[in-house]
Amino acid sequence: MKQEIIKRFLTKASNENTIERSHICLFLAIYHQWQNHGFVNPIRISRSKLMSTSKIKAFATYHKCIRDLVELDFIKYEPSYHPIGSLIYWTAHIMQPDPLPTHKNLDVINDHLSDC
């Protein structure tokens, strides 16, 4: 399931025009931080550490990427000005597997396969 998060993100991100390289780098840096802390949700993060790992140099770019990832429902972000860091939660949107196809979708798939 843990590796599926990256797959789900990349699949969903590929359909979003607003996702750029910096978003993907930041998402992978968050995932890396999560992995290093034993896959605990929420993830306590440090802006400087994430910026360093994701190779994002500008504060504005970092904050834009965080805001976009929140708006697209990949993460929930709780900022903190405390030195121990802010919190990032994986949302259900990214943690849950995609729903199984409905019967209607299966009919479309079967029709398509029968044409092959």
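Our structure's up above, just so we're on the same page.
Residues numbered from 1 in each chain as written. Predicted model: local features only at pLDDT ≥ 70, side-chain atom pairs only at ≥ 80, totals over all residues. Heavy atoms only, no water.

Turning next to unusual backbone geometry. The omega torsion of the bond from Asn41 to Pro42 falls at 15°, within 30 degrees of zero and hence cis. Its location among the elements puts Pro42 in the loop between α2 (21-36) and β1 (43-45). Look at Lys55: it is not a glycine, yet its phi comes out positive at around 65°. Considering the arrangement of structural elements, one finds Lys55 in the loop between α3 (47-54) and α4 (59-71). Phi angles above zero are rare outside glycine, and Asp73 is one such case at about 65°. (Helix = DSSP H or I, 4+ residues; strand = E, 2+ residues; numbered from the N terminus.)

Let's shift gears to the nonpolar core. Core analysis: the biggest nonpolar cluster contains 25 residues, and Leu26, Ile30 and Trp90 have the highest contact counts within it. Those elements that place two or more of their residues in this core are α1 (2-13), α2, β1, α3, α4, β3 (86-90) and α5 (92-95). Broken down by element, this core gets its largest block of residues, six residues, from α2. Those residues in contact with Ile30 that sit more than four places away from it in its chain are Ile43, Leu50, Ile66, Leu69, Ile75, Ile88 and Trp90. (Core = buried A, V, L, I, M, F, W, Y, C linked by side-chain atoms within 4.5 Å. Buried < 20%, exposed > 50% of the residue type's maximum accessible area, 1.4 Å probe, protein only. Contact = heavy atoms within 4.5 Å.)

Turning our eyes to something else, we now look at the packing of aromatic side chains. Tallying each qualifying case throughout the model produces seven aromatic pairs. On the basis of an interplanar angle of 75° and a centroid distance of 4.9 Å, the ring pair of Phe9 and Phe74 is categorised as edge-to-face. Taken together, the residues Phe9 in helix α1 and Phe74 in the loop between α4 and β2 (75-78) connect sequence positions 65 residues apart. Owing to a relative accessible area of 0%, Phe9 belongs among the buried residues under this scheme. Of the residues examined, Phe74 reaches a relative accessible area of 1% and is grouped as buried. Note on Tyr31 and Trp34: the rings are 5.5 Å apart at their centroids and 65° apart in plane angle, and the pair reads as edge-to-face. Note that Tyr31 and Trp34 are positioned in helix α2 at a spacing of three residues, about one turn of the helix. (Phe/Tyr/Trp six-rings, centres within 6.5 Å; stacked < 30°, edge-to-face > 60°.)

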